[in-house]
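Structural overview
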Amino acid sequence: MVVDVTLETWSPSPVIRKVGNGYARMPASSYADAAARLTARQAVFYRNLIRIAEAVGGGNLPVDFFLPSGEHMYLDRGCIRIAELGGFVKPLHDDDAGVVSSIELGWSV
């Protein structure tokens with residue numbers, strides 16, 4: 001899926017990363033980060049989720065996507081898990097292939 005969105009960045013640890021050779025979608029059970037307080041980094045992640053939701057026109061967001069430039073990007077898994085534990089996104093679930101391919105915002109969009 002191509003998502004035409006301008007992403008906010010966070011350095012040195014990006015919240016949305018470029019897909020590399022070792023990237024693969026993971027099952028929900030592999031998202032193991034613990035709950036955490038709201039940090040500036042996590043807030044950047046949340047703002048990017050809202051931007052992606054605006055771009056796709058709803059609250060069901062892909063965990064990886066292409067930018068119009070052709071760059072293949074994916075959502076930071078730790079940020080996804082923290083968002084899940086904080087209620088920002090609904091509980092993660094595996095698709096028919098046994099991996100998380102999308103996340104859903106925790107409120108109606």
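Before reading further, recall that the structure is shown in the block above.
Anyway, here's the lowdown on the structure attached to this text. (Residues numbered from 1 in each chain as written. Predicted model: local features only at pLDDT ≥ 70, side-chain atom pairs only at ≥ 80, totals over all residues. Heavy atoms only, no water.)

**Some details on the pattern of salt bridges**
Tallied over the full model, the rule gives eight salt bridges. Here Arg25 makes a salt bridge to Asp64, at a shortest N to O gap of 2.7 Å. You can see Arg25 sitting in the loop between β1 (16-18) and α1 (40-56) and its partner Asp64 sitting in strand β3 (residues 64-66), a full 39 residues away along the chain. Relative accessible area serves as the criterion here: at 35%, Arg25 is assigned to the partly exposed category. (Salt bridge = Lys/Arg side-chain N within 4 Å of Asp/Glu carboxyl O. Helix = DSSP H or I, 4+ residues; strand = E, 2+ residues; numbered from the N terminus. Buried < 20%, exposed > 50% of the residue type's maximum accessible area, 1.4 Å probe, protein only.)

**A few points about unusual backbone geometry**
In this model, Ser11 is joined to Pro12 through a cis peptide bond whose omega is 15 degrees. Following the sequence through the fold, Pro12 ends up in the segment before β1.

**Observations regarding the nonpolar core**
Counting 32 residues, the largest nonpolar core has Phe45, Leu49, Ile52, Phe65, Leu75 and Ile103 as its most contacted members. Among the secondary structure elements, those contributing two or more residues to this core are α1, β4 (72-75) and α2 (77-85). For this core, the element with the most residues is α1, which contributes six residues. With residues up to four places along the chain from it excluded, the contact list for Phe65 reads Met1, Val3, Leu7, Ile16, Ile52, Glu71, His72, Met73 and Leu75. (Core = buried A, V, L, I, M, F, W, Y, C linked by side-chain atoms within 4.5 Å. Contact = heavy atoms within 4.5 Å.)

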